[in-house]
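Residue-level listing of the chains:
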Amino acid sequence: MEAFAANTFRERAPASFVIEVSDRLRVEVFQDVTPLESSWRALKSRMAEPVLFQSYDWCVAWLRACRAAGLRQNVRILTIWRGDQLALIWPLEIRRVFVFRVLHSLADPATQYSDILKSHEENGQQLVQLALSTIRKWKDVDVLELRRVRDGSALGSLRNLSPFMVPDTQATAPALDFTSLAGATADHRSSSSRSNLRRHERKIAALGTVECKIVDHPRAQQELGSSFFCVHVSRLSEWIKPAVCRE
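These numbers were taken from a predicted model, which means no experiment stands behind them.

### Side note on the pairing of strand β5 (residues 85–97)
The pairing of strand β4 (residues 74–82) with β5 spans nine bridges and is antiparallel. Bridged to W81 within β5 is L86. Counted along the chain from β4 to the antiparallel partner β5, the turn is two residues long, and its residue G83 has a positive phi close to 65°. In the sheet, β5 pairs with strand β7 (residues 117–118) via two bridges, with the strands oriented antiparallel. Bridge pairing in β7 links I89 to L117. Of the strand pairs in this sheet, β5 and strand β6 (residues 100–105) are connected by six bridges, and their pairing is antiparallel. By the bridge assignment for β6, R95 is matched with V102. Counted along the chain from β5 to the antiparallel partner β6, the turn is two residues long, and its residue F98 has a positive phi close to 55°.

So, in C-alpha cells, the structure goes:
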C-alpha cells in the first residue's frame, strides 16, 4: 500500500466533474450512481468474466442500506468514457481512519473482492493510469488501499496498481472463502482434528439416515426448534455444572 505525496493534490473533487482527455476519451466522477445505471449494466454485460461486487445492483443495495441506517458514504464512482460508451467504471469511497482519509473499494469489507469493470476492447493499463492521475488530484484522499484483489482479475492484472494492493489479501474474503477447499484432502487436518471428525461421524451414523429438508409450516418449525434446543441443552448439561442448567 502506498500513500500519495501531499503536494500532488490540488483541488477537492466535487460531486461530479468531467476531464476531457481527448476528443473521444474523458473521465467523469460521480457521487450519485443513478445516472449511470444503463451504461453500468451495459458495460457489465460486455465483461468476459462475471463480476458481482462492482455491479450496479450490489453498489446500489449497499448505498440504500447505508442510507436506511443513517450512515453517510463519501462515494466516488470514477468512470472513463470513449465517446458515449462507458469504457471503465471503478466504484470507490472514502473513509476516515484516525487522521487519514483512505480511498478504498465501495462497500468494503462487504465487497469481498476489489475489482473494476473494464471493456475488453480497451487498454487496461492506459485507462487505470488515467484513473490514478485523476485520483491524485483529490485533495481529500491520503491513501489508496486495495484489499482482496484476486489473481487473474481485471484489477489484479494491472501492474501499475500493485503498490496500492494490501499484501496477503489476494485470495481471502471476510465472509465467503472457498479457495481453501480447492483440492483439499483430510491430510491437511491434525491428528486430533481427524479423531474428532471420526467421532462426530460415528455419532451421526448412530442416529440413522441424515436428510436435508425445508420445513415451511410454522407449527412444524416450532416443533423442530424446540427439539433442536432440547438436544443442545442436553449436551450442555454434560459439561456445565448441574446447578447452572435448568429445564
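### Side note on the confidence of the model for the protein chain
Residues of the protein chain with pLDDT of at least 70 account for 72%, and the chain-wide mean is 75. Mean pLDDT across the elements of the protein chain ranges from a minimum in strand β1 (residues 2–3), with 45, to a maximum in β4, with 93. Within the model, the stretch residues 1–16 combines pLDDT values under 50 with 42 contacts to residues more than four positions away or in other chains. The low-confidence segment residues 239–247, where pLDDT is below 50, has two contacts with residues more than four positions distant or belonging to other chains.

### With respect to a nonpolar patch on the surface
Residues V97, F98, V99 and F100 make up a contiguous nonpolar surface patch of roughly 440 Å² in combined accessible area. Along the polypeptide, F98 turns up in the loop between β5 and β6. The exposure class assigned to F98 is exposed, which follows from its relative accessible area of 73%.

### Considering the layout of surface pockets
Taken as a whole, the second largest pocket encloses approximately 290 Å³ of empty space. For the second largest pocket, the lining is made up of 15 residues, of which Q31, L63, R67, Q73 and V75 are closest to its centre. At the level of elements, α2 (56–68) and β4 are the ones that each hand at least two residues to the lining of the second largest pocket. If you tally residues by element for the lining of the second largest pocket, the top one is α2, at six residues.

### What to know about the side chain of E93
Tracing the chain through its elements places E93 in strand β5. Of the side chains with opposite charge, R95 lies nearest to the buried E93, which makes no salt bridge, at 7.1 Å. Within the local environment of E93, its side chain forms a polar contact with the side chain of Q73, the two groups lying 2.5 Å apart. Leaving out residues up to four positions away in the same chain, E93 has contacts with W62, Q73, N74, V75, R76, V102, L103, H104, S105, L106, A107 and D108.

### Considering the packing of aromatic side chains
Per the counting criterion, the structure on display carries two aromatic pairs. Ring geometry for W40 versus Y56: centroids 5.5 Å apart, planes at 75°, classification edge-to-face. Of this pair, W40 sits in helix α1 (residues 37–45) while Y56 sits in helix α2, and the two are 16 residues apart along the sequence. A centroid spacing of 4.8 Å and a plane angle of 85° characterise the contact between F53 and W58, whose relative ring orientation is edge-to-face. On the basis of relative accessibility, which here comes to 26%, the residue W58 falls in the partly exposed class. Positioned over the ring face of W138 is R76, at 5.0 Å from the centre of the ring.

Cut-off values and rules
Residues numbered from 1 in each chain as written. Predicted model: local features only at pLDDT ≥ 70, side-chain atom pairs only at ≥ 80, totals over all residues. Heavy atoms only, no water. Pairing = 2+ DSSP bridges. Helix = DSSP H or I, 4+ residues; strand = E, 2+ residues; numbered from the N terminus. pLDDT = per-residue confidence, 0-100. Contact = heavy atoms within 4.5 Å. Patch = residues over 30% accessible without salt bridge, like charges linked within 9 Å, V, L, I, M, F, W, Y side chains within 5 Å. Areas by Shrake-Rupley, 256 points an atom, 1.4 Å probe, with all protein chains shown as cover. Salt bridge = Lys/Arg side-chain N within 4 Å of Asp/Glu carboxyl O. Buried < 20%, exposed > 50% of the residue type's maximum accessible area, 1.4 Å probe, protein only. 1 Å grid on protein atoms, 1.4 Å probe; cavity = no way out; pocket = protein on both sides within 12 Å on 5 of 7 lines; lining within 4 Å. Points joined across faces, edges and corners; volume = space filled by probe spheres on them. Lys, Arg positive; Asp, Glu negative; His and termini not counted. Polar contact = N/O pair within 3.5 Å; in protein donor to acceptor, adjacent residues only side chain to side chain. Phe/Tyr/Trp six-rings, centres within 6.5 Å; stacked < 30°, edge-to-face > 60°. Lys NZ or Arg CZ within 6 Å of the ring centre and 35° of its normal.

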